[in-house]
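Here are the chains, one letter per residue:
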Amino acid sequence: MPNIHNIDTLIDKVISLEGDFSDHPADRGGPTRWGVTEAVARAHGYAGEMRHFPRAQAAAIYKRQYWHRPGFDQIARHAPHIAAELFDSGINMGTRIASGFLQRALNALNRNGRDFQDIAVDRVIGGKTLSALEAFLGKRGSEGETVLLKAIEALQGARYIKLAETRPANEAFLYGWLANRIG
């Protein structure tokens with residue numbers, strides 16, 4: 001298990017899962033290196049061939065766009081396992097989808113509002129989401145983080161299956177998604 005309190009360790013894990021250069025015909029992301037698509041690399045100023053995209057630049061993008069910008073670093077202060085999962089899911093599915101998984105899970109686990117009020121599923125980590133997380137963990141403790149993680153992973157797995165069902169080309173990736181991204 002990687003040191004989930006260290007973003008550089010999480011980045012190393014993602015890069016090892018994603019691998020070096022890839023240009024799979026079924027992957028809508030096109031040419032990818034270190035898990036960073038060409039479109040993302042270009043949006044961050046990279047102009048060279050994707051085969052030569054630097055690992056250090058990929059790591060910087062991961063830290064900035066998939067850790068700090070969505071607020072997963074703030075989640076890590078309260079629930080490091082949840083933050084690590086959101087970081088990985090955000091890279092693979094988009095940070096807003098990952099944030100929405102957290103919000104949906106918190107709402108479903110608040111015992112009909114007895115523990116804390118429902119929060120908007122706006123797919124943005126803000127003060128209300130953080131307060132709901134704090135209230136949930138205050139009520140449920142470290143075991144609560146484990147259960148919340150399972151709920152998030154269940155939502156993630158359901159989304160992967162739906163992606164494969166609605167676009168058969170995604171079946172090429174489903175086994176790996178479930179093997180490497182869930183649990």
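Residues numbered from 1 in each chain as written. Predicted model: local features only at pLDDT ≥ 70, side-chain atom pairs only at ≥ 80, totals over all residues. Heavy atoms only, no water.

In this section: the overall build of the protein chain. Tallying secondary structure elements over the protein chain gives eight helices and three strands in all. The linear arrangement of helices and strands in the protein chain, starting from the amino end, is α-β-β-β-α-α-α-α-α-α-α. For the protein chain, whose C-alpha radius of gyration is 17 Å, the value lies close to the compact-globule estimate of 16 Å for 183 residues. Considered along the principal axes of its C-alpha atoms, the protein chain spans approximately 55 × 35 × 30 Å. For the protein chain, with 183 residues in total, the buried portion stands at 45%. Taking contacts inside the protein chain between residues at least 6 apart in sequence as the whole, the part at least 24 apart equals 52%. Accessible area for the protein chain stands at about 9,500 Å²; split by element, carbon and sulfur atoms hold 50% of it. (Helix = DSSP H or I, 4+ residues; strand = E, 2+ residues; numbered from the N terminus. Rg over C-alpha atoms; globule rule 2.2 N^0.38 Å. Buried < 20%, exposed > 50% of the residue type's maximum accessible area, 1.4 Å probe, protein only. Contact = heavy atoms within 4.5 Å. Areas by Shrake-Rupley, 256 points an atom, 1.4 Å probe, with all protein chains shown as cover.)

When we look at a pair of aromatic rings, we describe it by the centre distance and by the angle of the planes. Under the counting rule described, the total for this entry stands at six aromatic pairs. On the basis of an interplanar angle of 90° and a centroid distance of 5.7 Å, the ring pair of W67 and F87 is categorised as edge-to-face. Taken together, the positions of W67 in helix α3 (residues 55–68) and F87 in helix α5 (residues 80–93) put the pair 20 residues apart, joining distant regions of the chain. The exposure class assigned to W67 is buried, which follows from its relative accessible area of 6%. Judged by relative accessible area, which is 1%, F87 ranks as buried. Ring geometry for Y160 against W177: centres 4.9 Å apart, planes inclined by 20°, an arrangement best described as stacked. On the criterion of sequence distance, the pair formed by Y160 in helix α7 (residues 127–166) and W177 in helix α8 (residues 171–181) is long-range, its members being 17 residues apart. Taking relative accessible area as the criterion, W177 reaches 15% and is therefore assigned buried. (Phe/Tyr/Trp six-rings, centres within 6.5 Å; stacked < 30°, edge-to-face > 60°.)

With that settled, consider the layout of surface pockets. The calculated volume of the largest pocket comes to roughly 880 Å³. As for the largest pocket, its lining consists of 31 residues, and the residues nearest its centre are E18, D27, I91, N92 and W177. If you list the elements that add at least two residues to the lining of the largest pocket, you get α1 (7–18), β3 (36–37), α3, α5, α7 and α8. Considering every element that reaches the lining of the largest pocket, the biggest residue donor is α8, with five residues. (1 Å grid on protein atoms, 1.4 Å probe; cavity = no way out; pocket = protein on both sides within 12 Å on 5 of 7 lines; lining within 4 Å. Points joined across faces, edges and corners; volume = space filled by probe spheres on them.)

To continue, consider the pattern of salt bridges. A side chain with one charge can pair with a side chain of the opposite charge if their charged atoms come near. All told, the structure shown has seven salt bridges when counted by the stated rule. A salt bridge links R33 to D20, with the shortest nitrogen-to-oxygen separation between them at 2.5 Å. A residue pair is termed long-range when its members are at least 10 positions apart, and R33 in strand β2 (residues 32–33) and D20 in the loop between α1 and β1 (21–22) qualify at 13 residues. With relative accessibility at 13%, the residue R33 sits in the buried group. (Salt bridge = Lys/Arg side-chain N within 4 Å of Asp/Glu carboxyl O.)

Attention now moves to the packing of helix α6 (residues 95–108) against α7. For the pair α6 and α7, the least separation of the axes is 8 Å and the interaxial angle reads 120°. The angle between the axes of α6 and α7 places the two elements in the oblique class. Handedness of the α6/α7 crossing: right-handed. From α6, I97, F101, L102, Q103, R104, A105 and L106 reach across to α7, where they touch T129, A132, L133, F136, L148, A151, I152, L155, Q156 and R159. Its residues assigned to classes, the contact of α6 with α7 shows 12 nonpolar, three polar and two charged. (Axes fitted to C-alpha atoms, helices over the stretch in contact; angles between N-to-C directions. Parallel < 35°, antiparallel > 145°, perpendicular 65-115°, else oblique. Left-handed = near helix turned anticlockwise from the far one by under 90°. Nonpolar A, V, L, I, M, F, W, Y, C, P; charged D, E, K, R; others polar.)

So, about unusual backbone geometry. Positioned with a positive phi, R111 is a non-glycine residue whose angle comes to about 55°. Summarising the element assignment, R111 is placed in the loop between α6 and α7. Positive phi, close to 55°, is recorded for N112, a residue that is not glycine. Note that N112 resides in the loop between α6 and α7.

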